[in-house]
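Spelled out, the chains give:
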Amino acid sequence: QVHLVESGGGLVQAGGSLRLSCAASGRTFTSYVMGWFRQAPGKEREFVSTISKSGSNRYYTDSVKGRFTISRDNAKNMVYLQMNSLKPEDTAVYYCAARERSWGPPNRKVDFGAWGQGTQVTVSS
């Protein structure tokens, strides 16, 4: 599988911005659909965003549309999540994930077989 390491989390005030990065190991990065999920205390891990293998298709959960942007740089084996206009409800541990299948619903956790260690994002009010 692919090994994933997230970075870029931190503490930010409401309305601020953060950019999360995910570094993938190996030479098969383009074989994976990449996604971001998040988990807040006491809540289940939830889908945030997914990007297709080529980067041409992007999907977002409704709560982050217009504020978050997912992107990937296949030459660098990197995927990013630019988070703008952050809200306290965005506070969570954010996880990078990878899956091989390129069809079906973009938001199913069970389809993602590789996960990073997570990075904490805290938005103060």
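Analysis parameters
Residues numbered from 1 in each chain as written. Predicted model: local features only at pLDDT ≥ 70, side-chain atom pairs only at ≥ 80, totals over all residues. Heavy atoms only, no water. Salt bridge = Lys/Arg side-chain N within 4 Å of Asp/Glu carboxyl O. Buried < 20%, exposed > 50% of the residue type's maximum accessible area, 1.4 Å probe, protein only. Helix = DSSP H or I, 4+ residues; strand = E, 2+ residues; numbered from the N terminus. Disulfide = S-S within 2.5 Å. Pairing = 2+ DSSP bridges. Axes fitted to C-alpha atoms, helices over the stretch in contact; angles between N-to-C directions.

### Here's the deal with the pattern of salt bridges
Tallying each qualifying case throughout the model produces seven salt bridges. The partner of E46 in a salt bridge is R38, with the nearest N and O atoms 2.7 Å apart. Accessibility expressed as a relative area gives 5% for R38, which makes it buried. Linking R67 and D90 is a salt bridge whose minimum nitrogen-to-oxygen distance equals 2.7 Å. Taken together, the residues span a long stretch of sequence, with R67 in the loop between β6 (58–60) and β7 (68–73) and D90 in the loop between β8 (78–83) and β9 (92–99) at a distance of 23 residues.

### A short note on the state of the cysteines
Counted under the stated rule, the structure contains one disulfide. Residue C22 pairs covalently with C96 via a disulfide, S to S 2.1 Å. Its torsion about the S-S bond being -80°, the disulfide of C22 and C96 is classed as left-handed. Pair noted here: C22 is in strand β3 (residues 18–24) and C96 is in strand β9, with a separation of 74 residues, a long-range link. Each member of the pair C22 and C96 is classed as buried.

### Quick notes on the sheet that holds β3
Read across the open sheet, the four strands follow the order β1-β3-β8-β7; overall the sheet is antiparallel. A single partner strand is all that each edge strand has here, and the edge strands are β1 (4–7) and β7. Going across the sheet, the axis of each strand differs from the next one's by a mean of 15°, ignoring polarity. Across six bridges, β3 lies against β8 in antiparallel orientation. Bridged to C22 within β8 is V79.

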